[in-house]
Amino acid sequence: MPDIEIRPLTADDVEAYWHCRLEALEREPTAFSSSVEDHLKLSREEIRRRLTANPDNNFVLGVLADGKLLGTAGFVRESQPKSRHKGRVWGVYLNAELRGKGLGRKLMQSVLDRATKIDGVEQILISVATTQIAAVALYRSLGFSTWGNERRALKVGDRYIDEEYMSLLLSRKADPSSG
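In short, a report on the structure. Quick caveat: nothing in here was measured; it's all calculated off a predicted structure.

Reading the values: the criteria
- The residue numbering used here restarts from 1 in each chain and proceeds along that chain's sequence as written.
- Totals for whole chains, interfaces and linings use every residue, but because this is a predicted model, local features are given only for residues with pLDDT of at least 70 and side-chain atom pairs only at 80 or more, for both listing and counting.
- Only hydrogens and water are set aside; all other atoms, that is, all heavy atoms of the structure, feed into the side-chain values.
- The convention used is that axes are lines fitted to C-alpha atoms, helices contributing only their stretch in contact, and that angles between N-to-C directions extend from 0 to 180 degrees.
- Where helices and strands are cited, they refer to DSSP runs of H or I of at least four residues and of E of at least two residues respectively, numbered from the N terminus.
- These descriptions rest on fixed angle ranges, namely under 35 degrees for roughly parallel, over 145 for roughly antiparallel, 65 to 115 for roughly perpendicular, and the rest for oblique.
- By definition, turning the near helix anticlockwise from the far helix through less than a right angle yields a left-handed crossing, and turning it clockwise yields a right-handed one.
- Here a residue-residue contact requires only that any non-hydrogen atoms of the pair lie within 4.5 Å.
- As a working rule, the residues Ala, Val, Leu, Ile, Met, Phe, Trp, Tyr, Cys and Pro are called nonpolar, Asp, Glu, Lys and Arg charged, and the rest polar, with Gly in that last group.
- At least two bridges found by DSSP between two strands is the condition for calling them paired.
- Take the buried residues of types Ala, Val, Leu, Ile, Met, Phe, Trp, Tyr and Cys, join any two whose side-chain atoms come within 4.5 Å, and each joined set is a nonpolar core.
- Remark: exposure states derive from per-residue accessible area (1.4 Å probe, protein chains only) relative to the maximum for the residue type, with buried under 20%, exposed over 50%, and partly exposed in between.

Further remarks concern the packing of helix H4 (residues 103-116) against helix H5 (residues 133-141). One can describe the packing of H4 onto H5 by two numbers: an axis separation of 11 Å at closest approach and a directional angle of 50°. On the basis of their axis angle, the class for H4 and H5 is oblique. Once H4 is placed against H5, the crossing between them reads as right-handed. For the pair H4 and H5, the contacting residues are Gly104, Arg105 and Met108 in the first and Leu138, Tyr139 and Ser141 in the second. Among the residues making up the contact of H4 with H5, the classes are represented as three nonpolar, two polar and one charged.

Structure (structure tokens):
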């Protein structure tokens with residue numbers, strides 16, 4: 001097994017992130033709402049901004065195998081006052097050669113550990129294509145529960161993809177009767 005490191009990505013990781021994200025979108029087109037075409041339009045400066053803007057509330061973690069970026073997961077905290085108690089996990093990807101080794105769980109646990117330390121975050125949301133069976137099972141095993149499904153959420157070519165919406169309640173401060 002290669003030497004594995006999971007760490008926050010920085011401005012120095014822009015090029016590696018650009019290539020890893022392109023790989024994710026090319027290899028798993030039904031797993032993401034973004035497309036290869038969307039990604040190719042992004043400047044390196046925009047990617048740098050996404051990786052470094054407001055690191056106290058937004059971050060991207062990377063899985064590096066022998067120094068090569070082969071997986072990512074992002075977190076963004078909602079910015080509006082009425083929804084700042086929520087954050088969202090996005091862009092979860094792990095290269096096929098690293099799957100089945102527990103690294104997806106380690107990556108997601110690292111995201112959750114960091115997100116739970118953000119003062120005021122009480123709930124974490126994630127959406128996942130229902131075709132991503134292993135990802136759905138992983139999120140459930142980490143405590144996420146389904147609160148909704150969107151039929152035909154994505155259309156990739158002539159194929160429709162449903163998405164499952166999940167949440168993880170971190171704090172019992174929320175009114176339990178509110179669902």
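Let us now look at the sheet that holds strand S6 (residues 145-156). The strand order across the open sheet formed by seven strands is S1-S2-S3-S4-S5-S7-S6, and the pairing between neighbours is mixed. Every interior strand has two partners, whereas the edge strands, strand S1 (4-8) and S6, have only one. On average, adjacent strands in this sheet sit at an angle of 20° to one another, irrespective of strand direction. The pairing of S6 with strand S7 (residues 159-169) spans eight bridges and is antiparallel. From the neighbouring strand, Glu150 faces S7, where its bridge partner is Glu163.

With that settled, consider the packing of helix H1 (residues 14-27) against helix H3 (residues 44-52). A pair of packed helices can be characterised by two numbers: the angle between their axes and the separation between those axes. With their axes 10 Å apart at the nearest point, H1 and H3 run at an angle of 100° to one another. Judged on the interaxial angle alone, H3 and H1 are roughly perpendicular. For the pair formed by H1 and H3, the contact residues are Val14, Glu15, Tyr17 and Trp18 on the first element and Arg44, Ile47, Arg48 and Leu51 on the second. Partitioned by chemical class, the residues of the contact of H1 with H3 number five nonpolar, no polar and three charged.

Next up on the list: the nonpolar core. In this structure, Phe75, Met108, Ile124, Tyr139 and Phe144 are the most contacted members of the largest nonpolar core, which totals 29 residues. Among the elements that make up this core, the one with the highest residue count is H4 (six residues). Beyond its immediate sequence surroundings of up to four residues, Met108 is in contact with Val89, Val92, Ile126, Leu138, Tyr139, Leu142 and Phe144. One finds Val14, Trp18, Val36 and Leu69 within the second-largest nonpolar core, a separate group that totals 17 residues.

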